[in-house]
Amino acid sequence: MQKKVIYFVGIAVICLSCHKELNEDARSQVTDNYLSTPEGFESGVNAAYSFLRNYYGNAAGTFLTEAGTDTYTIAIGGDRDFNNYSPNLGPTKSLITSTWNNFYIAINACNAVISRGPGIPGLDEELRNRRVAEARFLRGLYYFILVQTFGPVHLSLEETQGVVTTAQRAPLATIYEAIVADLSYAVDNLLPVADQYGRATKPAAQHLLAKVYLTRGWSEAKAPDDFANAALLAEQVINDSKHQLLEDFASVFAIGTGEQNDEVIFSVQYGQNVLTNGAGNQTHLHFVPKYDILPGMKRDVELGRPFSYLRPTDFSLNELYKLGPDAREEKTFIRLYRANNPGTYTIHGRQVALQMGDTAIFFPKTELTPEEVLATNYSVFPPSKVDEGNFPTLRKHLDPNRPDLNYEAGSRDFIVMRLAETYLIAAEAYLMAGQPEKALPFVNAVRRRAAAWGKNPEETASNKVAMEVGVSDLSIDFILDERGRELSGECLRWFDLTRAGKLLERVKAHNELAAANIKEYHVLRPIPQSQIDRTDGGNAAFPQNEGYQ
């Protein structure tokens, strides 16, 4: 078999505009000589960011992190293998292969920047160190996603040039050591506030390093102080950075200028320039039901184009948000749709005239009797009638700024890290360190912000108190529930469950379509067969994860 190159040699150019934001353009290649100039070095650093777009805002990120969990299951247009853990979820699965390849191309882009930086003349030393820190932050992030997804992977910290046909799976502890070293350097050398929005910052590195320590602390590679280090770093972001929780949970996901708010720590940048936006952020397509085929409705820009990949589980819709006067369920899902296509329709076996703005679709939280359903003048789906085509929409990713109703290349940023998660990282770290009393304030800060607004300040204050929990309520399952409430659909869930050793238990309990097939080995994804085939020695040199063939 002819050997193929394992790591891509070139790296894509990203042009940095004169505006304050990082403007990505991956249309051409950085040549070897150009990369060793100050201008090429800057382009190389910017290029290292571009690969995030192939994951965050892409079907790969959605299916690899949300499908087959306790909070999301398959919808009518989705890839069933990821949700159902079918035998087809194997080493030749295209999204798994493309994710692996994309991240190793990205890592080599980072390696090139890191290795070339010290030898480039004419660079300001502080700027050089900061740009190298950005590349090390990104390399740490890429490896962290890889190690959570695949377990031990190949570790390459040097720029690869030419054809390479040797590779091996490094020990888990070695990979984590490399990630910690990269992110520690980033913490020491990045700015507390980015000089151009979209660049990595010190708080972003602290947040990510806290998550790395937290995840390693659960693993066989754990160090005794992992949970303590995770809590310390998370607290530093909470107490010492400019970031703060917004007053309103829904404001975190405001479109346009609202995307750049004080809660967002790091996001992947998209925009409305068709020359630089590439395929765009396509997550707005993934969590939308087939609303446009129901009476009184037609597809529009605001409600989204329904690819219908994933839908919330019954657990997400009917159980998760019951603790206290929690407003997040209402602000996370759309349950009521108003007619945008007036006319006369057959509904429940009779002719109904729907006017613009009338209720057209409703997903009640409780069951209705057949008589109650028949009495309505709209399509109604109580919990027992929610299915793969009819389910509440996840609001967070909708993109009403698209130029037309069929446009796929969304322009909104994809939030990768935000402060509410930092609070929950601190809480989980303290809980696992055996200090639940220290975890409690961080949980309650997130829960108080989530309280439903009352009719007056006194009622709002009362709701905030009602949302608080006590030390006796805290457990890893409670933390996972709280993460599910706060971070629903944000491409984190599969990692949360695998980190805590809860994937099988919670999928079997809450994801009916996945429960029958999921096995112990599904806590890791299969190594792409193409990686094994192009490595000297094949499976003996680069063995497949247990359970996959």
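Please refer to the structure placed before this passage.
First, a word on scope: everything that follows refers to the structure included in this document. (Residues numbered from 1 in each chain as written. Predicted model: local features only at pLDDT ≥ 70, side-chain atom pairs only at ≥ 80, totals over all residues. Heavy atoms only, no water.)

## With respect to the sheet that holds strand β10 (residues 359-362)
Piece 1. Spatial ordering of the open sheet is given by β7-β10-β11, a layout of three strands whose pairing is mixed. What marks the edges here is a single partner per strand, and that holds for β7 (336-338) and β11 (379-380).
Piece 2. As paired elements, β7 and β10 share three bridges and run antiparallel to each other. Directly across from Leu 336, in β10, lies its bridge partner Phe 362. (Pairing = 2+ DSSP bridges. Helix = DSSP H or I, 4+ residues; strand = E, 2+ residues; numbered from the N terminus.)

## Brief notes about the packing of aromatic side chains
Piece 1. Under the definition given, this model contains 23 aromatic pairs.
Piece 2. Ring geometry for Tyr 55 and Phe 103: centres 5.2 Å apart, planes at 55°, overall tilted. One end of the pair, Tyr 55, is in the loop between α2 (38-50) and α3 (59-65); the other, Phe 103, is in helix α5 (residues 94-116), with 48 residues separating them in the sequence.
Piece 3. Taking the centre distance of 5.4 Å and the plane angle of 35° together, the rings of Tyr 56 and Phe 414 count as tilted. (Phe/Tyr/Trp six-rings, centres within 6.5 Å; stacked < 30°, edge-to-face > 60°.)

## As for the packing of helix α8 (residues 202-218) against helix α13 (residues 419-432)
For any two helices packed against each other, one specifies the crossing angle of their axes together with the interaxial distance.
Piece 1. Taken N-terminus to C-terminus, the directions of α8 and α13 make an angle of 30°; their axes are 10 Å apart at the nearest point. Relative to α13, α8 is oriented so that their crossing is left-handed. Where α8 abuts α13, its residues His 207, Ala 210, Lys 211, Leu 214 and Trp 218 lie against Glu 421, Thr 422, Ile 425, Glu 428, Ala 429 and Met 432. (Axes fitted to C-alpha atoms, helices over the stretch in contact; angles between N-to-C directions. Left-handed = near helix turned anticlockwise from the far one by under 90°. Contact = heavy atoms within 4.5 Å.)

## Quick notes on the pattern of salt bridges
Piece 1. With the rule as written, the count across this model stands at 43 salt bridges.
Piece 2. In this structure, the salt-bridge partner of Lys 396 is Glu 490, at a minimum N-O distance of 2.7 Å. Taken as a pair, Lys 396 in the loop between β12 (393-394) and β13 (414-418) and Glu 490 in the loop between α16 (476-486) and α17 (493-499) lie far apart in primary sequence, 94 residues in all.
Piece 3. Owing to a relative accessible area of 6%, Glu 490 belongs among the buried residues under this scheme.
Piece 4. Three or more residues are tied together by salt bridges with common partners; here these are Glu 263, Asp 326, Arg 328, Lys 396, Arg 418, Arg 447, Arg 449, Glu 482, Arg 485, Glu 486 and Glu 490. (Salt bridge = Lys/Arg side-chain N within 4 Å of Asp/Glu carboxyl O. Buried < 20%, exposed > 50% of the residue type's maximum accessible area, 1.4 Å probe, protein only.)

## What about the packing of helix α14 (residues 436-449) against α16?
Piece 1. Close contact between α14 and α16 brings their axes to 11 Å; oriented N to C, the two are set at 35°. You can see that α14 and α16 cross each other, and the crossing is left-handed. For the pair formed by α14 and α16, the contact residues are Val 443, Val 446, Arg 447 and Arg 449 on the first element and Phe 478, Ile 479, Glu 482, Arg 485 and Glu 486 on the second.
Piece 2. Looking at side-chain class alone, the contact of α14 with α16 contains four nonpolar, no polar and five charged residues. (Nonpolar A, V, L, I, M, F, W, Y, C, P; charged D, E, K, R; others polar.)

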